[in-house]
Amino acid sequence: MLTGIGDIAGTSFITLYCHALETLSDNPILADPKSVEITTELNKTLSLSDDPLDRTLVSGTLDKRLVIHIALRAKKYDDYARDFLHRFPDGVIVNIGCGLDSRFLRIDNGHVVFYDLDLPEIIAIKKTFFNETERYRLIASSVLDFNWMATVLQHEGPFLFMAEGVFMYLDGKDVRSLVLKIQEKFRGSELVCEVVNSIWLKFPLKKILEFKLQREMHMGKDATFRSGIRDSREMEQWHSGIQFLDEWSYFDSEEEKLGLLKVLKHIKFIRKTQWTVHYLLN
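As the structure is a prediction and not an experimental result, all values here were calculated from the model.

Colleague: Kindly report on helix α4 (residues 64–87), identifying the contributing residues and their values.
Modeller: Over its 24 residues, α4 extends 35 Å from the first C-alpha to the last, a length consistent with the 34 Å expected when each residue adds 1.5 Å. The distance from a side-chain oxygen at the start of α4 to the backbone nitrogen of R65 is 2.7 Å, and the residue carrying that oxygen is D63.

Encoded structure:
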């Protein structure tokens, strides 16, 4: 992996390469030409690495099921963004833990103010591929350093906060603190976030999960799930102003590329392994 990139930040490269692989596939779920451009450039550096994950990325041999799931997730989050902008064309979107994603390019309606927020080492790389404008800005910060909120609060909103593939890597107390701070500072905003079933944080399932992440996918030892919830309405218990709106699982999709996996949506334990929840923060 590139110098200075931590294990958790490095997961954004897997997401990026999944986007590129799916974009280049037949009948792609997601059209993300920017990801192809970026991976083509990154391959020049990663191809020199002996790291197992880097070799997997450059060779294009990521698990096809992972590629499909990541592409479906990105498409759904794009849909959430477009729905928000349909209701609030001049709204403000904050993409938490954005990685090297190009969501702004995919959903820009010509009016949205869009913030990509991620760790400084990721934003430093992102700046080599993306140009900031009046409506598209990059924030180099940990999401847990709440000072970034002052920048976003320069706008009146309404606001949509998106956390795709982020919260599970944070401690539970930090996720709760972050959500409550957003609810306090941005009343009436919406939150779309991916969550993991907390049952996977307990032995022996946690060991199975860590084996998959760290051994099969060659992610670093720090890339492990640290928080989760058992039910989509669990966050409503954190504050009376948090209102559950809807939820989505990979298995809810009718995408043909899912194949026989589509039948798993009827098994609650499987459908609710990792899913997305949509809240209103009053």
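Colleague: Quick rundown of empty space enclosed by the protein? Include the residues and the values.
Modeller: Going through the model one piece at a time under the given rule, you end up with 1 cavity of 30 Å³ or more. Considered as a void within the structure, the largest cavity measures approximately 30 Å³ in volume. Forming the walls of the largest cavity are L16, H19, D32, K34, S35, I38, L100, D101, S102 and F130. At the level of secondary structure, the elements contributing two or more residues to the lining of the largest cavity comprise α1 (7–23) and α2 (33–46). Here the element with the most residues in the lining of the largest cavity is α2; it accounts for 3 residues. The residue makeup of the lining of the largest cavity, split by class, is 4 nonpolar, 3 polar and 3 charged.

Colleague: Tell me about helix α8 (residues 172–185), and name the residues and values.
Modeller: With 14 residues, α8 ought to run about 20 Å at 1.5 Å a step, and its terminal C-alpha atoms sit 20 Å apart, in line with that. Residues of α8 that are buried: V175, L178, V179, I182 and Q183. Down the axis of α8, the buried side of the element spans an arc of 130°, and every buried residue falls inside it. In this fold, the buried residues of α8 make contact with β1 (92–96), α7 (148–152), β4 (159–163), β5 (189–196), β6 (242–249) and β7 (274–281).

Colleague: Run through unusual backbone geometry, naming residues and quoting values.
Modeller: The omega angle of the peptide bond from G157 to P158 is 0°, so this bond is cis rather than trans. Relative to the elements of secondary structure, P158 occurs in the loop between α7 and β4. With a phi close to 45°, N27 is a non-glycine residue in the positive phi region. Among the structural elements, N27 can be located in the loop between α1 and α2. Given a relative accessible area of 67%, N27 falls into the exposed group.

Colleague: Can you break down the layout of surface pockets residue by residue, with the values?
Modeller: What the second largest pocket holds in volume is close to 220 Å³. Around the second largest pocket sit L21, E22, L24, S25, G60, L62, K64, V67, I68 and K257, which together line it. Those elements that provide at least two residues to the lining of the second largest pocket are α1 and α4. Among the elements that make up the lining of the second largest pocket, the one with the highest residue count is α4 (3 residues). Looking at the lining of the second largest pocket residue by residue, the class counts come to 5 nonpolar, 2 polar and 3 charged.

Definitions and limits used
- Residues numbered from 1 in each chain as written.
- Predicted model: local features only at pLDDT ≥ 70, side-chain atom pairs only at ≥ 80, totals over all residues.
- Heavy atoms only, no water.
- Helix = DSSP H or I, 4+ residues; strand = E, 2+ residues; numbered from the N terminus.
- Expected span 1.5 Å × (residues − 1).
- Polar contact = N/O pair within 3.5 Å; in protein donor to acceptor, adjacent residues only side chain to side chain.
- 1 Å grid on protein atoms, 1.4 Å probe; cavity = no way out; pocket = protein on both sides within 12 Å on 5 of 7 lines; lining within 4 Å.
- Points joined across faces, edges and corners; volume = space filled by probe spheres on them.
- Nonpolar A, V, L, I, M, F, W, Y, C, P; charged D, E, K, R; others polar.
- Buried < 20%, exposed > 50% of the residue type's maximum accessible area, 1.4 Å probe, protein only.
- Arc of directions from axis to C-beta.
- Contact = heavy atoms within 4.5 Å.

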